[in-house]
Amino acid sequence: MAKCMVCNKSVSFGRNIRHKASGGWARRAPKTNRTFKPNVQKTTMMVDGEKVQIKVCTQCLRTMYRAR
């Protein structure tokens, strides 16, 4: 399972709305379940003077690069 080791962001669930071309909105649009997966990357960071490989989402990675 993809999970960020910094912010604990993990898989979340939601719904997809299928917009059918025929019939318009006469009937309710069918909904299907879907998952939102975080964009997790493996990266090497210096922690207490030693290199550690961690899994970080791209938002946290971007924040870390900005802070340098």
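See the structure shown above.
Residues numbered from 1 in each chain as written. Predicted model: local features only at pLDDT ≥ 70, side-chain atom pairs only at ≥ 80, totals over all residues. Heavy atoms only, no water.

Student: How do you make sense of the overall build of the chain when you look at a structure like this?
Tutor: Within the chain one finds one helix and four strands. Each helix and strand of the chain, ordered N terminal to C terminal, gives the series β-β-β-β-α. In the chain, which comprises 68 residues, the proportion classed as buried is 16%. Considering only intrachain contacts with a sequence separation of at least 6, the fraction spanning at least 24 residues in the chain is 31%. Here the chain displays about 5,900 Å² of accessible surface, and carbon together with sulfur accounts for 49% of that area. (Helix = DSSP H or I, 4+ residues; strand = E, 2+ residues; numbered from the N terminus. Buried < 20%, exposed > 50% of the residue type's maximum accessible area, 1.4 Å probe, protein only. Contact = heavy atoms within 4.5 Å. Areas by Shrake-Rupley, 256 points an atom, 1.4 Å probe, with all protein chains shown as cover.)

Student: Explanation requested: the side chain of Thr-43 in the structure shown.
Tutor: Position of Thr-43 relative to the elements: it lies in strand β3 (residues 40-47). Here Thr-43 is in contact with Val-52, Gln-53, Ile-54, Val-56, Leu-61 and Tyr-65, once residues within four sequence places are set aside.

Student: Would you take a moment to explain the nonpolar core for this structure?
Tutor: Core analysis: the biggest nonpolar cluster contains seven residues, these being Cys-4, Met-45, Ile-54, Val-56, Cys-57, Cys-60 and Leu-61. Residue contributions to this core peak at three residues, all from strand β4 (residues 50-57). Look past the residues within four positions of Cys-4 in its chain and what remains in contact with it is Lys-9, Val-40, Lys-55, Val-56, Cys-57 and Cys-60. (Core = buried A, V, L, I, M, F, W, Y, C linked by side-chain atoms within 4.5 Å.)

Student: What's the story with unusual backbone geometry in this structure? I'm lost.
Tutor: Negative phi is the rule for most residues except glycine; trans is the rule for most peptide bonds. Residue Asn-8 is not a glycine yet carries a positive backbone phi of 60 degrees. For Asn-8, the location among the structural elements is in the segment before β1 (12-17). Residue Asn-8 is classed as exposed on the basis of its relative accessible area, which comes to 52%. With a phi close to 55 degrees, Asp-48 is a non-glycine residue in the positive phi region.

Student: Just checking my understanding: could you explain the packing of aromatic side chains for this structure?
Tutor: To describe a pair of aromatic rings, you give the distance between the ring centres and the angle between the ring planes. Under the defined criterion, the tally for this structure stands at zero aromatic pairs. Between Arg-34 and the ring centre of Phe-36, over which it is positioned, the NZ or CZ distance is 3.9 Å. (Phe/Tyr/Trp six-rings, centres within 6.5 Å; stacked < 30°, edge-to-face > 60°. Lys NZ or Arg CZ within 6 Å of the ring centre and 35° of its normal.)

Distances and angles like these do not, on their own, reveal function.
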